[in-house]
Each structure stands twice: as structure tokens, then as C-alpha cells.
Amino acid sequence: MNQLNPGDFIDVEGAVSAATDAILAQQKPDGHWVYELEADATIPAEYVLLVHYLAETPNLELERKIGVYLRRIQGAHGGWPLYHEGAFDISATVKAYFALKMIGDDIGAPHMVRAREAIHARGGAIKANVFTRILLCLYGEASWNDVPTVPPELILLPRWFPVHLSKMSYWARTVIVPLLVLCAMKPLARNPRGIHIAELFVPGVGAANPRAPHQNRYWSAFFGVLDRVLKVVPWPRGLRAKAIERCRAWTAERLNGEDGLGAIYPAMANSVMMYDVLGYPPAHPDRAIARLSVEKLLVVKDEEAYCQPCVSPVWDTALVAHALFESRDERAHAAALRGLDWLKPLQVLDVKGDWAEEKPQVRPGGWAFQYRNDYYPDLDDTAVVVMAMDRAGMARDGVAIARGREWVEGLQSRDGGWGAFDADNSYYYLNNIPFADHGALLDPPTEDVSGRCVGMLAQLGEGGKPLADGIAYLRKTQREDGSWWGRWGVNYIYGTWSALAGLNGAGLTPDDATMKKGADWLVAIQNTDGGWGENCDSYRLDYKGYQPAPSTASQTAWALLGLMAAGEVDHPAVARGVNYLKATQETDGLWSQAHYTGGGFPRVFYLNYHGYPKFFPLWALARYRNLKAGNSRRVEFGL
């Protein structure tokens, strides 16, 4: 493998054909693709606890299968990690232990003993994060004094106020609003089995740490004093009732049918519990549809089951379309067109979502990540969909492409970059409030999303100032070592591919210093097996540079796409990477990987996109073949 010379050609036709066939077989009858989206133990554990919170009749077979899943993913350290082979996480471990005990596991069983001992060694369940402690309060396991005060009156504050819902990310908003009602009314889980976890607390150990590692000591002290004041303020009864009603109305307006509030599990589950505490019976249309939305996230297999945090059909379908277009296969081209036909009516053209708080003059025109999420389309999906439609030859002055472009340009932030769902959502001081111990309250511009938006504008042509500002943003955010941070994929490999692809589409040449530094970094971190890998630990606050990690199919594909975007198709590193993908292709024509390569909230929440090791390698191999044959256009490299 190390004997490869510059310009050597590797025959990948068989690999491309086999992968294309396999992906075509996975297309849904209506034309779209959707793959499993797996997180950690937290979501399936919370699902089990939600059923018993509401005193619903549990599905015993489903509980059994969730128990099998939770036991399988327990770490060697005794607890549950946030990603495959990750470090112990106390919050995930507390929830998984609680769910398994609820399911019926004996606390004397070896796996429960190991988990309990690991929790005790870290100070007990009270040391879990804010959201976990709120769950413990709802079950009567902890005191409401052990969690930050989040008064529902927050929703009544004017937008100019420093702490305001519109200044938080979409996911924070949708999770927090129904939670405001729960924290104000302080309901107690019905818990018909009477399961409690007092054994997870260490006598004499007080509440959680005063501030998280990302929080500034001065801001933290200020918000800490404010929290203590809020705990003793006597709120006027009429004002509280008005605030709770506003929370209810806000939720109802965004309920989103059977796709659920925000189309993410935590917000959906909170909305169900909110309706419950407000006295809505199970058959009430709003509560019933909210409860159904949760159920639709389940993945039930022969022996295991788990609950997804959300679903990714728009993202999967758009990315698969790009891979299939790259394959140059007539059947694949026709299938990709069917996928775009499925995507077209999902464009949000008539709803001004929460993003309009910051950009009221912009017309809607984006796509969401999920089947429906009209209040919360995102820039990443929109850029990828628009680029795919342009590659398919759709008219650029038609509604889909023109309105998509208009929306992306309209949501550019002042620094030239793009966030995922909002413009200029960079109120960093908010990450210091006690409630934000996860450090994921905001949605600021990021390099990976910006790379996609730059690529889209470049591909469509005549980008003008938005494109120039986007290029400048990517130049200034490149790290000294040549890499870029990746917010929604792990991590610098993902960010570097995203930035290089967008900049290549914008016309930067291989001899540009920015492009060369990015390519040199990718070459420098290649593993000896020819692949690339990066661990979720790269999001740590004290990151000092890349550390080797096992190769994965998706990260290898990203690195190859990045190198080829930088003009390095003939580099021996590309040949080694191509050989790695050929060697690891499985008998079904696809690839698999255990390691998580999707980002949710850095240091808090990660995602295993089951589709990533399937379609990204096809994309990379097909692009390699096309470039070597001289039949790829530069403008297709915007992604």
C-alpha cells in the first residue's frame, strides 16, 4: 500500500456498482431514504421513565427489548458513555440505571452493582446534569432546591431583555418552554411500580458542582446569586397563570402534528408531561398527537429496541442524491430524481418560524431535517437540497432553488458565517446561566454549515457579497494547523472537508495557502491502515491538536472528499484511502462502523448516523473515479 506513486489509478468500478445497488435497494416506495439515528442510553431510558411517569400500561415486550439494548451498550467502566467506547457519563448512567430498575433488573445484578459503584465514586446521582436532576425531582428523588430556578415568567420578558427565549437555540427553546410549566407546577410522577433510586445518592454529598467547566467564574457567580433570589421571590399568582398560559399557547402553535414539538425527543416528551400536569386527558387531541410523536421515534428489532432522538429523512435523502449523482449510473440518477421529487413539497414556503425573530424581513424557503418541522428549517439541509436540485438540472429561477437561496442568503450572520437554524445566535454569556451546564444553549455560526452555504452560493453563481463574506469567514476560522472545527460532525475531519469543499466550489485553487494547509493537515493525520478516524473527545475544552483514533468509513470518505476538493486526487494518501474503503467494503456492498461520527451537542450529546458509512464511501469512491477519468465539474464540489 505504501508503494503507491502519484497518479496511480485504482479500479473502483466494482465497489461503486455494488454500493450503488445496495443503496438503491434501501429507497422507500415514495422515493426517500431514511436511516436509523442513534444517540446514547439517555433517550431510550427516558422513554421507559416517561411511560411510568404517566402510569401508562407498559408494553412488556418493548421494555424487555430496551433492557437488552441498554445492557449491551454499558461500558467497561461500569457506566454508560455518550458514544461507542466513550468515557463514563454520570447523567446517562443514572438514567440507564433508573430505567433498568424500572424494567425489573435486580439491583444486586453485576451490571447494576458496577453502575451503582461508578456513580458513587463520582459523588452520587446528585452530581448529574441539570436535566437529569429535574427528572429526579419529577420522580421525587431529589429536591427542587437542587436545580436552577427557571420561572415560566421568562416567556413574558421583552425581546431586549438579556435573557430571552429568542436568544437561545431552537432546541433549547422547544425543550425549555414546556419545561417551564413543569418546573413551576412541580408534579410528581405516578410511578405505579413504586420504583425509586435512593441507593444512587451518597449521604452527606450536596448538590451539583457550582459551575460547569465552560462557564466563566464571574458570570457564574452573578447568575448564581440571581438564582438564589429567584428561589425566594413570591411571584404574583395572576402573573404566573398568565405565563403558564403563554407557554401552553406557544407549544400548541408549534406542536407540529405527529412529528412533534421541534421534532426532537426531549421537547416532545416535555410537551406530553406539560399537557398531563395541565389536566389534559390522554384522549385530548393535543396531548394525544404529542404522545404519538414520541412513539414514532422507536426502533424495534427482533431482540432489541431503542428510541431515536429524532429522524433524518431530508438530510439522508439529499445526501444520498448527491452520492447517486456521483455514481454516473442511469438507474441511480432516476432514483435520485425520485428522491428530489419527494423533497420538493417539503420546502417551507408559508411559515415564518422562530428564525424570523432575528430576520423578520426574510421570506421562508428552507427545508427541515425531519419529515416536518416548519418552524425550524435549517441552513445545512437547505444548502444540500438546493445543490442536489441544481445538479439535477432544475431551473434556478424556479421556486425551490430560488427561494432556498434567498432564505440562505437572508440568514447569513454578521460575521459572514451561518448557524444551523438562526442568524446571529451568539449570545455567549447565556451559556453561563446555571441552567446551561451543558454549554449547548446557542446556535452560533460554524465552519461546517458555512462551508455548505458557501458551496451552494458558489455552485449557483453570482454569489456577490454573501459569498465573499462567507469565504472570508472560512479563511479566518481556519485553525493554525490547517483544520476547521466541525459542529455537526466529528469533528475537525468533518469541518475540514466541509470548508475545503465549499472553498473549492468558490474557485479557490490548490495552490491557495488556505487550501494547501487544509490538505496538508488531512494528509498528516492519515492512519497507517490508509483510513482516517477521529474521536468525539476532540470536542474537549482543552483540545491541543489531533490525536489518533481508529479509522471509520465515513471519516475516511470525508477526508478523501476534502483532499480531492483541494486538488489532491493524485496524492498517494488518496490512493491509500481509496484502498482502505475497497478493503473494508462488506459483502452487502456497503460499510459499517461502531464509532459515532455525528455531532449533537459537543461534550454532551453525539449521534450515530447509520447512513453515513453507507453513502459517504460511495460518494468518495465515485468522485475519485470521475476525477481520474476527467469528467467531474468543479462546481459540484460545493459539497
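Structure: above.
Model, not experiment: these values are computed from the prediction.

About the criteria used
- Residues numbered from 1 in each chain as written.
- Predicted model: local features only at pLDDT ≥ 70, side-chain atom pairs only at ≥ 80, totals over all residues.
- Heavy atoms only, no water.
- Pairing = 2+ DSSP bridges.
- Helix = DSSP H or I, 4+ residues; strand = E, 2+ residues; numbered from the N terminus.
- Phe/Tyr/Trp six-rings, centres within 6.5 Å; stacked < 30°, edge-to-face > 60°.
- Buried < 20%, exposed > 50% of the residue type's maximum accessible area, 1.4 Å probe, protein only.
- Lys NZ or Arg CZ within 6 Å of the ring centre and 35° of its normal.
- Salt bridge = Lys/Arg side-chain N within 4 Å of Asp/Glu carboxyl O.
- Axes fitted to C-alpha atoms, helices over the stretch in contact; angles between N-to-C directions.
- Parallel < 35°, antiparallel > 145°, perpendicular 65-115°, else oblique.
- Left-handed = near helix turned anticlockwise from the far one by under 90°.
- Contact = heavy atoms within 4.5 Å.
- Expected span 1.5 Å × (residues − 1).
- Core = buried A, V, L, I, M, F, W, Y, C linked by side-chain atoms within 4.5 Å.
- Disulfide = S-S within 2.5 Å.

J.: It is not clear to me how the sheet that holds strand E1 (residues 37-38) should be interpreted in this structure. Could you clarify?
T.: Two orientations exist for strands paired in a sheet by backbone hydrogen bonds: parallel and antiparallel. Spatial strand order, E1-E5-E4: 3 strands in an open sheet with antiparallel pairing. In the strand order of this sheet, the two ends are held by E1 and strand E4 (598-601), each with one partner.

J.: How should I be thinking about the packing of aromatic side chains in this particular structure?
T.: One pair of aromatic rings is described through two measures. These are the centre distance and the angle between the planes. As enumerated under the stated definition, the model contains 35 aromatic pairs in all. Ring geometry for Phe-98 versus Tyr-139: centroids 4.9 Å apart, planes at 70°, classification edge-to-face. Within this pair, whereas Phe-98 is found in helix H4 (residues 90-103), its partner Tyr-139 is found in the loop between helix H6 (130-138) and helix H7 (170-185), the two being separated by 41 residues in sequence. The exposure class assigned to Phe-98 is buried, which follows from its relative accessible area of 0%. Look at Tyr-139 and you get buried, because its relative accessible area is 4%. Centroid distance Tyr-170 to Trp-171: 6.2 Å. Interplanar angle 75°. Geometry classified as edge-to-face. Of the two residues, Tyr-170 and Trp-171, neither departs from the other in class, the shared state being buried. Members of the aromatic cluster, connected to one another through ring pairs, are Tyr-35, Phe-369, Tyr-494, Trp-497, Trp-558, Tyr-609, Tyr-612, Phe-615, Phe-616 and Trp-619. One cation-aromatic arrangement involves Arg-122 over Phe-88; the distance from NZ or CZ to the ring centre is 3.8 Å. We note Arg-487 situated over the ring of Trp-488; from NZ or CZ to the ring centre the distance is 3.9 Å.

J.: Is there a simple way to think about the pattern of salt bridges in this case?
T.: Once their charged atoms are close, side chains differing in charge can pair, the charge on each being opposite to the other. This structure, assessed with the given rule, holds 38 salt bridges. Glu-406 is paired through a salt bridge with Arg-363; the nearest N and O atoms lie 2.8 Å apart. In this pair, Glu-406 is assigned in helix H15 (residues 399-410) and Arg-363 in the loop between helix H13 (330-343) and helix H14 (379-391), connecting sequence segments 43 residues apart. Taking relative accessible area as the criterion, Glu-406 reaches 28% and is therefore assigned partly exposed.

J.: Where do I start with the packing of helix H21 (residues 572-584) against helix H22 (residues 612-629) in this structure?
T.: One way to put it is that H21 packs onto H22 with a least axis distance of 11 Å and a crossing angle of 130°. Between H21 and H22, the crossing angle belongs to the class labelled oblique. The hand of the H21/H22 crossing is left-handed. Every residue of H22 that contacts H21 at Val-574, Val-578 and Leu-581 is listed here: Pro-617, Ala-620, Leu-621 and Tyr-624.

J.: Which parts of the structure should I look at to understand helix H12 (residues 313-327)?
T.: Residues separated by three or four positions in an α-helix point in the same direction, a consequence of the helix having 3.6 residues per turn. For H12, built from 15 residues, the straight-helix expectation of 21 Å at 1.5 Å per residue is met to within 8% by its first-to-last C-alpha distance of 21 Å. Extensive coverage of H12 is indicated by the burial of 15 of its 15 residues. Where H12 terminates, the next one or two residues include Arg-328, which has phi positive at roughly 60°.

J.: Whenever I open this one, the side chain of Lys-95 confuses me. Can you help?
T.: Inspection of the secondary structure assignment puts Lys-95 in helix H4. Since its relative accessible area comes to 5%, Lys-95 is described here as buried.

J.: Looking at this structure, how should I read the environment of Thr-552?
T.: Position of Thr-552 relative to the elements: it lies in the loop between helix H19 (513-524) and helix H20 (553-565). By relative accessible area, Thr-552 is classed as buried at 3%. For the pair formed by Thr-552 and Phe-201, sequence separation is 351 residues and the distance between their alpha carbons is 39 Å. Ignoring sequence-local partners within four residues, the contact set of Thr-552 consists of Trp-532, Gly-533, Tyr-580, Gln-593, His-595 and Thr-597.

J.: I keep staring at the nonpolar core and nothing clicks. Help me out?
T.: Across soluble globular proteins, you tend to see nonpolar side chains buried next to one another. If you look at the biggest cluster of nonpolar residues, it comprises 221 residues, and the most contacted ones within it are Leu-324 and Phe-616. Element by element, the count of residues in this core is highest for H7, at 12 residues. With near-sequence residues (within four places) excluded, Phe-616 lies in contact with Leu-319, Trp-497, Ala-557, Trp-558 and Leu-561.

J.: Would you take a moment to explain the environment of Leu-62 for this structure?
T.: Relative to the helices and strands, Leu-62 is located in helix H3 (residues 60-72). C-alpha of Leu-62 to C-alpha of Thr-446: the two residues are 384 residues apart in sequence and 39 Å apart in space.

J.: What's the story with the pairing of strand E5 (residues 605-609) in this structure? I'm lost.
T.: The element E5 is extensively covered by neighbouring structure, given that 5 of its 5 residues are classed as buried. Of the two faces of E5, the one carrying Phe-605, Leu-607 and Tyr-609 and the one carrying Tyr-606 and Asn-608 are both buried. Here E4 runs beside E5; their pairing, made up of 3 bridges, is antiparallel. The residue of E5 that forms the bridge with Phe-601 is Phe-605.

J.: Explain helix H1 (residues 13-25) here, please?
T.: Taking 1.5 Å as the rise per residue, H1 with 13 residues should run 18 Å; its terminal C-alpha atoms sit 18 Å apart, in good agreement. Within the span of H1, buried status applies to Ala-15, Val-16, Ala-19, Thr-20, Ala-22, Ile-23 and Leu-24.

J.: Where do I start with unusual backbone geometry in this structure?
T.: Where the residue is not glycine, phi is negative for most of them; where a peptide bond is considered, it is trans in most cases. Phi is positive for Ala-55, close to 60°, though the residue is something other than glycine. With respect to the element layout, Ala-55 can be found in the loop between helix H2 (42-53) and H3. The phi dihedral of Asn-191 is positive, around 50°, even though this residue is not glycine. Tracing the sequence through the fold places Asn-191 in the loop between H7 and helix H8 (217-230).

J.: In this structure, what is going on with the state of the cysteines? I would like to understand it.
T.: Two cysteines, two sulfur atoms, one covalent bond between them: this is a disulfide. Applying the stated rule across the entire model yields 0 disulfides. Unpaired in terms of disulfides, Cys-453 finds its nearest cysteine sulfur in Cys-310, a separation of 19 Å.

J.: Explanation requested: the environment of Val-163 in the structure shown.
T.: Assignment of secondary structure puts Val-163 in the loop between H6 and H7. Its relative accessible area of 16% is what places Val-163 among the buried residues. Between the alpha carbons of Val-163 and Tyr-429 there is a distance of 9.4 Å; along the sequence they are 266 residues apart. Beyond its immediate sequence surroundings of up to four residues, Val-163 is in contact with Leu-154, Leu-157, Met-168, Phe-223 and Leu-430.

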